[in-house]
Amino acid sequence: MSEKYDVGLGNHNVTLRKNANSDFVSFWDNQAKNLHWFSPWNQTLDWNPPFAKWFVGGKINACYNALDVHQETKSDKPAILWEGENGDSKTIAYSDLFIEVQKFANVLKSLGVIKGDRVTIYLPMVPELIVSMLACARIGAIHTVIFSGFSATSIKDRIDDSKSEIVITADGGYRRGKIIKLKEVVDDAIKDLDFVRHVVVLERTKNPISISSKDKFWNNLMDDASDSCDAERLDSDHPLYILYTSGTTGKPKGVLHGTGGYLTHLYSTFKWAFDIKDSDVFFCTADIGWVTGHSYVVYAPLLHGATQIMYEGAPDFPDNSRMWEILEKYGATIFYTTPTALRMFMKFGDDIPNSFNLSSIRLLGSVGEPINPEVWKWYFKIIGKEKCPIIDTWWQTETGGMMISPLPGLETIPLKPGSGTFPIPGVDISVVDEYGSEIPNNTKGYLVIRKPWPGMLLGLWKNDEKYKSVYWSKYLDCYYPGDYALKDDDGYLWLLGRADDVLKIAGHRLGTAELESCIVSDEHVSESAVCGISDDIKGESIIAFVVLKDGIVIDESLLEKNIFNKIRIDIGPIATPKKIYFVKKLPKTRSGKIMRRLLKSIANGENIGDTSTLDDESAVTEIQKIVNSALN
Ligand code: PRX
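Residues numbered from 1 in each chain as written. Predicted model: local features only at pLDDT ≥ 70, side-chain atom pairs only at ≥ 80, totals over all residues. Heavy atoms only, no water.

Undergrad: Can you help me understand the site of the ligand in this one?
TA: Neighbouring residues of the ligand: 17 residues in total, closest Asp392, Thr397, Asp483, Arg498 and Arg509. Within the backbone of Glu369, a nitrogen or oxygen atom sits 3.3 Å from a nitrogen atom of the ligand. Between Gln396 and the ligand, the recorded distance is 3.0 Å, taken from a side-chain N or O atom to an oxygen atom. Taking 540 Å² as the accessible area of the ligand by itself, protein coverage stands at 97%. Of all elements in the fold, only α11 (291-303), β20 (390-393) and β25 (493-498) reach the threshold of two or more residues within the shell around the ligand. Residues of the shell around the ligand, tallied by class, amount to six nonpolar, five polar and six charged. (Near = heavy atom within 4 Å. Polar contact = N/O pair within 3.5 Å; in protein donor to acceptor, adjacent residues only side chain to side chain. Areas by Shrake-Rupley, 256 points an atom, 1.4 Å probe, with all protein chains shown as cover. Helix = DSSP H or I, 4+ residues; strand = E, 2+ residues; numbered from the N terminus. Nonpolar A, V, L, I, M, F, W, Y, C, P; charged D, E, K, R; others polar.)

This is the structure:
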């Protein structure tokens, strides 16, 4: 952990950090002035724990800040350099995007959408996805984007929870050369949801689809729409979007983000972390269906009037050089991706990136999961040619934007491979023990956030009690993100993975509870426990332990297949386990709680540690035998 990489010389931006830490409210008040406000706020922060309202009384619009503000100075500048998986490409200037968004905002209005309505968006990575989100923001509708890898059941649950009466989808999207039939999935999802009034269908692939009376084609609607639509003057805490994310219990929760605070957080972190300049070509590989895409593909780059690359498909299609080809083609200067993608690129070998001219790149980023030091070093050497800082950014769907990261736009500090370095200014983070006390350096503990921050979620959609219990009950007056961390002697923070039952599979967030409830819904299954095991590429992959109902005799490999299939249908292919172990009983505490920690250690071939609370030792012995024989 002592290894340091100096990328340029410099120090902490001491003055700025000091001011930010001594008076975080005034600090953020100043940052908010970088945005356009229709009218100013009269209170910077209304903190009614655990609910924060930022810039109270201020009127703002996210779409206005993303588009209108650039029309005089940057109307011809490319906003999006779009690359389709099938070789299509398109350049969309700020003025083009402005027109498309106003037209689509009028389309939404013509479909009866008004301020506060929810609109579900289930689209591939095409520019119309950004157009749809900004059009919602323009009229004050709340978008709820669903990752295009989720299944019909997942979509149904989300549409039902948010009560979206409008769904925007496409006939299909390209992924690894195949057409993903999104419209078919939506048809299945809404068949029992009578409150859905309209489905807007974009023709992306032109594959045949069935049409119902609810369906309207994107192009037809746009043909008739006016290209002028004023942006609504919205309260600072007007909800901008709901994004569903997995937790430790039940179904995914609707994380609700507001406008003024969220945009302030994004504007500042994008400037500090990426040191953004007018000439930059930014490329974030995240799918917009996840929070990184919402914050650092859609809103932050547009707030800054930046040019960015948007790619539709798989990073290794049609071959392993696709990413580097795109970076070279567009002369990307900033590349922001995930450790999972980097592990895959690293496995493909150095010759591939070395055969491209990547000299335009000046800054590299990582997000979504811990980055292994050897992967960090590979990224630094092979992609960054030892001249580009790597910003390892820690944050969550709930935090809205980056919370821990090196900030080359603000200060140049030595980097340590695998450490996110320090909290962003104006954010108060500590590492504590089980009881909330600060712990000594170099000791693993729990990350907590002590004060509200502007990108903080407003709450969970229609579920204040859950919001309080999930994030604000483990510690008094502190937000609990659910991550392990430690601080070293230089004050650098090291993120050590989830401390709860949330899995990170290829950077995608999934809850053990949703998987387990899907598995036990099979008629043969009595109980199930799911855990993650380490995976060379995906970081973590899923292992399930299953106990059959008494008296059931069944071909286990057939049942395994059926369960895999059920998970694909109920959640989506990303949630498919690597393996299912059929066992007689699960290890439990005397009070009946499943000891997932033990299962995880056994499945990972690690020492199982303290078993003093275990009720029945024989459960562990049997599982060890089954796992060991499968592994050998
Ligand atoms: O465990 C942390 C991990 O991802 C979780 C948040 O997942 P999600 O809400 O899907 O947002 C991902 C994109 C921001 C965190 O609780 N995580 C995220 N970034 C890092 C990370 N773990 C280690 N290092 C990171 N840079």
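Undergrad: How do you make sense of empty space enclosed by the protein when you look at a structure like this?
TA: Space left empty within the atom packing is revealed by a probe, the size of a water molecule, rolled over the atoms. Evaluation of the coordinates by the stated rule reveals four cavities of 30 Å³ or more. Roughly 90 Å³ of internal volume is contained in the largest cavity. Forming the walls of the largest cavity are Val145, Ile146, Phe147, Phe150, Arg158, Leu243, Tyr244, Thr245, Gly289, Trp290, Val291 and Thr397. When residues of the lining of the largest cavity are assigned to their parent elements, the largest contribution, three residues, is made by strand β14 (residues 241-245). (1 Å grid on protein atoms, 1.4 Å probe; cavity = no way out; pocket = protein on both sides within 12 Å on 5 of 7 lines; lining within 4 Å. Points joined across faces, edges and corners; volume = space filled by probe spheres on them.)

Undergrad: What should I look at first to understand the nonpolar core in this one?
TA: Soluble globular proteins tend to bury their nonpolar side chains together. Core analysis: the largest hydrophobic core is formed by 151 residues, its most contacted members being Leu97, Phe104, Leu134, Ile168, Phe274 and Tyr299. In terms of residues, this core owes the most to one element, helix α6 (residues 127-139), which gives nine residues. Both domains that furnish three or more residues to this core are identified here as domain 1 (68-227) and domain 2 (501-631). Residue contacts for Phe274: discarding those within four places in its chain leaves Thr269, Phe282, Tyr296, Ile334, Tyr336, Arg362, Leu363, Ile391 and Met402. One finds Met323, Ala341, Phe345 and Phe380 within the second-largest nonpolar core, a separate group that totals 33 residues. (Core = buried A, V, L, I, M, F, W, Y, C linked by side-chain atoms within 4.5 Å. Buried < 20%, exposed > 50% of the residue type's maximum accessible area, 1.4 Å probe, protein only. Domains from an automatic or database assignment. Contact = heavy atoms within 4.5 Å.)

Undergrad: Would you mind showing me how to read the pairing of strand β30 (residues 579-582) here?
TA: If a strand is regular, its side chains alternate between the two faces of the sheet. Relative to β30, strand β29 (residues 539-548) is paired through four bridges, and the arrangement is parallel. Among the inter-strand pairings, Ile543 is bridged to a residue of β30, identified as Lys579. Since β29 and β30 lie parallel, the crossover through helix α18 (residues 556-570) that links them has a hand, and here it is right-handed. (Pairing = 2+ DSSP bridges. Right-handed = clockwise from strand over helix to strand, strands pointing away.)

Undergrad: Even after reading the chapter, I still don't get the sheet that holds strand β24 (residues 483-487), so can you show me in this structure?
TA: The pairing of strands in a sheet happens through backbone hydrogen bonds and is either parallel or antiparallel. Strand order in the open sheet formed by four strands is β21-β22-β24-β25, with antiparallel pairing between adjacent strands. With partners counted over all chains shown, the strands left at the sheet margins are β21 (429-432) and β25, one partner each. Pairwise comparison of adjacent strand axes, ignoring direction, gives a mean angle of 45° for this sheet. Both β24 and β25 contribute to a ladder of four bridges, which runs antiparallel. Following the sheet pairing, Ala485 is matched in β25 by Leu495. (Axes fitted to C-alpha atoms, helices over the stretch in contact; angles between N-to-C directions.)

Undergrad: Is there a simple way to explain the sheet that holds strand β16 (residues 281-284) in this structure?
TA: Here seven strands make up an open sheet; going across it, the order is β5-β4-β17-β16-β18-β19-β20 and the pairing mixed. Strands with a single pairing partner mark the edges of an open sheet, and in this sheet they are β5 (89-93) and β20. Recorded for the sheet is a direction-independent mean angle of 20° between the axes of neighbouring strands. Pairing analysis gives five bridges linking strand β4 (residues 78-83) to β5, with the strands arranged antiparallel. Residue pairing for β5: Leu81 is matched across the bridge by Thr91.

Undergrad: What is the right way to read the packing of aromatic side chains from this model?
TA: Aromatic rings considered in pairs are described by the distance between their centres and by the relative angle of their planes. Summed over the entire model, instances satisfying the criterion amount to 39 aromatic pairs. When the ring of Phe274 is compared with that of Phe282, the centres are 4.9 Å apart and the planes differ by 70°; the resulting orientation is edge-to-face. Judged by its relative accessible area of 0%, Phe274 falls in the buried class. Consider the rings of Trp376 and Phe380, whose centres lie 5.3 Å apart with planes at 20°: the pair is stacked. You can see Trp376 and its partner Phe380 sitting in helix α15 (residues 373-383), four residues apart, about one turn around the helix. What makes Phe380 buried here is its relative accessible area of 6%. A connected cluster of aromatic rings, assembled from ring pairs, spans Trp47, Phe51, Trp453, Tyr467, Tyr471, Trp472 and Tyr479. Seen from the ring of Trp461, Lys462 lies directly overhead, with NZ or CZ sitting 4.7 Å from the centre. One residue, Lys474, lies across the ring of Tyr446, its end atom 4.4 Å from the ring centre. (Phe/Tyr/Trp six-rings, centres within 6.5 Å; stacked < 30°, edge-to-face > 60°. Lys NZ or Arg CZ within 6 Å of the ring centre and 35° of its normal.)

Undergrad: Teacher, can you tell me more about the environment of Thr338 here?
TA: Counting through the fold element by element, Thr338 comes out in the loop between β18 (334-337) and α13 (339-348). For Thr338, a relative accessible area of 24% corresponds to the partly exposed category. For the pair formed by Thr338 and Ala506, sequence separation is 168 residues and the distance between their alpha carbons is 8.3 Å.

Undergrad: It is not clear to me how the domain arrangement of the protein chain should be interpreted in this structure. Could you clarify?
TA: Much of the literature gives interface size as the accessible area that the parts lose upon coming together. One can read the domain layout of the protein chain as domain 1 (68-227) and domain 2 (501-631). Once you take the C-alpha centre of each, domain 1 and domain 2 turn out to be 37 Å apart. Tallying the contact residues gives seven residues for domain 1 and eight residues for domain 2. Summed over both partners, the interface of domain 1 with domain 2 buries about 470 Å², with 54% contributed by carbon and sulfur atoms. Among the residues domain 1 hides against domain 2, the three largest losses belong to Phe150, Ser151 and Thr153. Together they make up 58% of the total. Applying the counting criterion to the domain 1 and domain 2 interface returns six residue pairs in polar contact (both at pLDDT 80 or more). Of the residues assigned to the side of domain 1 that touches domain 2, the class counts are three nonpolar, four polar and no charged. (Buried area = accessible area lost by both parts, 1.4 Å probe.)

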